[in-house]
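Summary of structural features
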Amino acid sequence: MIAIIKTKIYIFLTLACSFSLTLSGFRSYAQELPDFHPGKGYTHIAETHGDLDKDGTEEVVYAYNTTHKTKDSGYQRVLYICKNIQGKLKLWKVNSSVLWNSEDCGFFANEGVPLEMEIRNNTLRIKQTFNHNAKHFSIWKNIFRYQNEDWFLIGSTYNDSMNCGPDHECDINFSTKTVKVSTTYDHCDDDEKPDPEPSSANFSYPFKEIPRMDGFTPGRKEIKVTSTRYIYY
């Protein structure tokens, strides 16, 4: 009986100490992160909610226009990733490279860059569109994940579409170093010429590392794989 009581006391003390250490670490972590306050004069553009670090609590991601205006592409944008700690928003991550400037969208600059964000499967997904003209547009979809105590680009899909023309897609998984490329064609009724046959290819590419979020801007990377095939992200 005495042995059983001692065992129960030991288990209780172990759990109590473990909880105390966890609570202490949580408080320390909460104190390290500053309260979230967007820059003075910044304009809210978009936001999304979801769990990014698998702790069961939703994070909040914001996109803002800053007050810094460029010569010909509108205002610079900033991305804020915030943690919800004891009901208060704490600034976890700030990034100024992954969002294009507010008017850096080509043909429809007066309408601003179409921007979509969502959190799915513990990843942040950002979609931005560039209009080359009224019939030609390109879409970049980028997937970011928090791992190894930093933010990384783990997936990228580039789609270039033209009305009555080719539709190119390049999908990259940086974690598995695999690439899928394809080309289809949008047929117009008044075009009597037959469309070329669709084409596709799946292959591996020896990326040296998984790109980090900081310093990455969608649409800036182009890798020539063969004389006829490119990787874009």
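Calculation criteria
- Residues numbered from 1 in each chain as written.
- Predicted model: local features only at pLDDT ≥ 70, side-chain atom pairs only at ≥ 80, totals over all residues.
- Heavy atoms only, no water.
- Helix = DSSP H or I, 4+ residues; strand = E, 2+ residues; numbered from the N terminus.
- Contact = heavy atoms within 4.5 Å.
- Pairing = 2+ DSSP bridges.
- Axes fitted to C-alpha atoms, helices over the stretch in contact; angles between N-to-C directions.
- Salt bridge = Lys/Arg side-chain N within 4 Å of Asp/Glu carboxyl O.
- Phe/Tyr/Trp six-rings, centres within 6.5 Å; stacked < 30°, edge-to-face > 60°.
- Buried < 20%, exposed > 50% of the residue type's maximum accessible area, 1.4 Å probe, protein only.
- Lys NZ or Arg CZ within 6 Å of the ring centre and 35° of its normal.
- Core = buried A, V, L, I, M, F, W, Y, C linked by side-chain atoms within 4.5 Å.

It is worth spelling out the overall build of the protein at this point. Helix and strand counts for the protein stand at one helix and 13 strands. Starting at the N terminus and walking to the C terminus, you meet the elements of the protein as α-β-β-β-β-β-β-β-β-β-β-β-β-β. Considering only intrachain contacts with a sequence separation of at least 6, the fraction spanning at least 24 residues in the protein is 45%.

The four strands lie next to each other as β1-β2-β3-β4, forming an open sheet whose pairing is antiparallel. Edge positions in the open sheet fall to β1 (43-50) and β4 (88-95), since each of these has one partner strand only. Here the average twist between neighbouring strands, direction ignored, is 30°.

Bridge analysis of strand β5 (residues 115-120) against strand β6 (residues 123-133) gives six bridges, and the strand direction is antiparallel. By the bridge assignment, arginine 120 is partnered in β6 with threonine 123. With antiparallel pairing between neighbouring strands as the criterion, β5 and β6 make up a hairpin whose turn holds two residues, including asparagine 121 at a positive phi of roughly 55°. Looking at chain direction, β6 and strand β7 (residues 136-147) are connected through nine bridges and run antiparallel. Within β7, the position partnered with arginine 125 by the bridge is isoleucine 143. Counting the residues in the hairpin turn of β6 and β7 gives two residues.

Glancing now at the sheet that holds β7. Within a sheet, adjacent strands bond to each other through the backbone by hydrogen bonds, running parallel or antiparallel. Sheet architecture is open: seven strands sit in the order β5-β6-β7-β8-β9-β10-β11, paired in antiparallel fashion. Sheet topology places β5 and β11 (199-204) at the edges, where each strand pairs with a single neighbour. Neighbour-to-neighbour, the strand axes of this sheet turn through a mean angle of 15°, independent of strand direction. Direction of pairing for strand β8 (residues 150-162) relative to strand β9 (residues 166-173): antiparallel, over a ladder of seven bridges. Of the residues in β9, the one forming a bridge with aspartate 160 is histidine 168.

All right, on to the pattern of salt bridges then. The final tally for this structure, using the stated rule, is nine salt bridges. The salt bridge partner of lysine 93 is aspartate 214, with a shortest N-O separation of 2.6 Å. With lysine 93 in strand β4 and aspartate 214 in the loop between β11 and β12 (222-224), the pair connects residues that are 121 residues apart, well separated along the chain. One salt bridge connects arginine 212 with aspartate 150, and the closest N-O pair in it is separated by 2.4 Å. Taken together, the residues span a long stretch of sequence, with arginine 212 in the loop between β11 and β12 and aspartate 150 in strand β8 at a distance of 62 residues. Ionic contacts of the salt-bridge type, sharing partners, join the residues Asp53, Asp55, Glu59 and Lys83 into one network.

In this section: the packing of aromatic side chains. This structure, assessed with the given rule, holds 17 aromatic pairs. Here tyrosine 230 and tyrosine 232 contribute two aromatic rings whose centre-to-centre distance is 6.0 Å and whose plane-to-plane angle is 25°, an arrangement assigned as stacked. For tyrosine 232, a relative accessible area of 26% puts it in the partly exposed group. Taken together, the aromatic side chains of Phe144, Phe174, Tyr205, Phe207, Phe216 and Tyr233 make up a single cluster linked through ring pairs. The aromatic ring of tryptophan 92 is capped on one face by lysine 83, whose charged end is 4.4 Å from the ring centroid.

Okay, the pairing of strand β10 (residues 178-185) next. With eight bridges joining them, β9 and β10 adopt antiparallel strand pairing. Bridge assignment links cysteine 170 to a residue of β10, and that residue is valine 181. Linking β9 to β10, which pair antiparallel, is a turn of four residues; within it lysine 177 sits at a positive phi near 60°. Pairing analysis gives six bridges linking β10 to β11, with the strands arranged antiparallel. Looking at β11, one finds that threonine 183 is bridged to serine 199.

Turning next to the nonpolar core. Soluble globular proteins: nonpolar side chains tend toward being buried together. In terms of nonpolar packing, the biggest core is built from 30 residues, with Leu79, Leu124, Ile126, Phe144, Ile231 and Tyr233 touching the most fellow members. Those elements giving two or more residues to this core turn out to be β2 (59-69), β3 (75-85), β5, β6, β8, β9, β10 and β11. A per-element tally of this core places β5 first, with three residues. Ignoring any residue separated from it by four or fewer positions in sequence, one finds phenylalanine 144 in contact with Val98, Thr123, Leu124, Ile126, Trp151, Phe152, Leu153, Met213 and Phe216. Core analysis: the next-biggest nonpolar cluster, separate from the first, contains seven residues, Tyr64, Val78, Tyr80 and Cys82 among them.

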